[in-house]
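In case you want the letters, here they are:
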Amino acid sequence: MSATPVEIITAREVPLGGPRAMTVYRTLPQRQRSMIGAWCFVDHYGPDDVSTTGGMDVAPHPHTGLQTVSWLFDGAITHHDSGDNHAVVLPGEVNLMTAGAGICHSEVSTQATTSLHGVQLWTALPDHARHGQRRFDHFRPTPHLFDGGQALVFIGELLGERSPIPTFTPLVGAEIRLDAGAALTIDVDPTFEHGVLVDTGSIELCGTVVAPRELGYTGIGETHLQLRNTGDHPALLLLIGGEPFGEEIVMWWNFLGRSHEEIAQFREDWQQHSDRFGVTHGYIGHDPEGLPRLPAPRFPITRIKARKNPAPHARPEVRIES
């Protein structure tokens, strides 16, 4: 048995993008565990045949109090936001959008995209930063080669590589590819908790099997993580981590706040086209008769409560099927 406990978090299927939604596989947040460091949202999708699924078409929608991190394995997505940032998201490049007090943006797979495959992540902004300005950052990391594979470090520092992308709490994020039969031992910050999301391959994390679309979680106190591809084919995975987030957050739809009343106000501001979110220019959806912006869902009758995250220690015995 491994000396490092590993908690397995399974994904649940979620429709993304309104009436013609694509299916994504969500590992965070869950009832089992809602955050890893400041990472509070992980959607994994594809590989999807766009001719069959229709691809991604998410009309302008709002965010508060968070950063979005877009990471693609295959395909391309156009990004437009109300900070007047316009970009094409490509594989191997990280695009990070900071919502601050409020932003809106659209995401659409390009016409040339035939296969769409990637991960969408959010990080929670701490209280001192969540009322700040909108911004957009882009970075293409240089591959870090090792015996049996390569890594792309897009957030924070790992394997001697450092990303210039700004974050407001200590974080790490990296894509790792392992050849068939390859193994990798990674020195990590013991003050961080970590998660390994498996895309493809037969992966063992510190001796524990993590299946595709599952996230293997290790808590604080670990000084290294061991990854092994026990299969006959290459493996692809994403590693995320960070210092445990010390603030309680209230999350509903696309908003992060600190109270029910604050979330209610964010929703009202969006519905009333408030200047808080601005206007996204450049959105062209796949459906000529599609919505020009996404309306907020019906607000819950019951009070929205802060998410309670377990202590930053892996619980191998806890496994809640989604």
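Residues numbered from 1 in each chain as written. Predicted model: local features only at pLDDT ≥ 70, side-chain atom pairs only at ≥ 80, totals over all residues. Heavy atoms only, no water.

*Asks:* Quick rundown of the overall build of the protein chain? Include the residues and the values.
*Replies:* Along the protein chain, the regular secondary structure elements total 2 helices and 26 strands. Whereas a compact globule of 322 residues would reach a radius of gyration of roughly 20 Å, the protein chain reaches 19 Å, a difference of no more than 12%. In terms of overall dimensions, the protein chain has a C-alpha envelope of 55 × 40 × 35 Å along the principal axes. Per-residue burial over the protein chain gives 56% buried out of 322 residues. (Helix = DSSP H or I, 4+ residues; strand = E, 2+ residues; numbered from the N terminus. Rg over C-alpha atoms; globule rule 2.2 N^0.38 Å. Buried < 20%, exposed > 50% of the residue type's maximum accessible area, 1.4 Å probe, protein only.)

*Asks:* Explain the UniProt feature "domain: Pirin C-terminal" (unreviewed entry) in the protein chain residue by residue, including any values.
*Replies:* Mapped onto this numbering, the UniProt entry gives "domain: Pirin C-terminal" (unreviewed entry) at residues 174–273. Note that residues 174–273 is 12% helix and 48% strand, and that its end C-alpha atoms are spaced 37 Å apart. (UniProt positions renumbered as here; feature names shortened; annotations may be inferred.)

*Asks:* Summarise the sheet that holds strand β23 (residues 224–229); cite the residues concerned and give the values.
*Replies:* Pairing in this open sheet of 4 strands is antiparallel, and the strands run β18-β23-β20-β21 from one edge to the other. Of all the strands in the sheet, just β18 (183–187) and β21 (208–210) have a single pairing partner and so form its edges. Here the strands of the sheet are splayed against their neighbours by 25° on average, with no regard to which way each runs. (Pairing = 2+ DSSP bridges. Axes fitted to C-alpha atoms, helices over the stretch in contact; angles between N-to-C directions.)

*Asks:* Lay out the packing of aromatic side chains with the relevant residues and their values.
*Replies:* Here the distance between the centres and the angle between the planes together describe a pair of aromatic rings. Applying the stated criterion across every chain yields a total of 9 aromatic pairs. Ring plane angle 35° and centroid distance 6.3 Å describe the contact between W252 and F255, whose orientation is recorded as tilted. Judged by its relative accessible area of 0%, F255 is buried. Of the aromatic side chains, those joined through ring pairs into one cluster are W252, W253, F255, F266, W270, F277 and F299. A cation over an aromatic ring shows up here: R293 above the ring of W270, its NZ or CZ 3.6 Å from the ring centre. (Phe/Tyr/Trp six-rings, centres within 6.5 Å; stacked < 30°, edge-to-face > 60°. Lys NZ or Arg CZ within 6 Å of the ring centre and 35° of its normal.)

*Asks:* With reference to specific residues and values, describe the UniProt feature "binding site: Fe cation" (unreviewed entry) in the protein chain.
*Replies:* Mapped onto this numbering, the UniProt entry annotates "binding site: Fe cation" (unreviewed entry) at H61, H63, H105 and E107. Spatially, the listed residues are clustered: although they cover 47 residues, their C-alpha atoms lie within 13.3 Å of one another. In this structure, H61 sits in strand β5 (residues 57–63). For H61, a relative accessible area of 4% gives the class buried. Contact partners of H61, with chain neighbours within four places excluded, come to I103, C104, H105, E107, N254, W270 and L294. Among the polar contacts made by the side chain of H61, one reaches the side chain of H63 at a distance of 3.4 Å. (Contact = heavy atoms within 4.5 Å. Polar contact = N/O pair within 3.5 Å; in protein donor to acceptor, adjacent residues only side chain to side chain.)

*Asks:* Hey, could you go over the pairing of strand β8 (residues 86–89) for me, with residue numbers and the actual values?
*Replies:* Residues A87 and V89 point to one face of β8 and are all buried, whereas H86 and V88, pointing to the other face, are not buried. When strand β7 (residues 77–81) meets β8, the two strands line up antiparallel, connected through 4 bridges. Directly across from H79, in β8, lies its bridge partner A87. Counting the residues that bridge the hairpin from β7 to β8 gives 4 residues, and of these D84 lies at a positive phi of roughly 65°.

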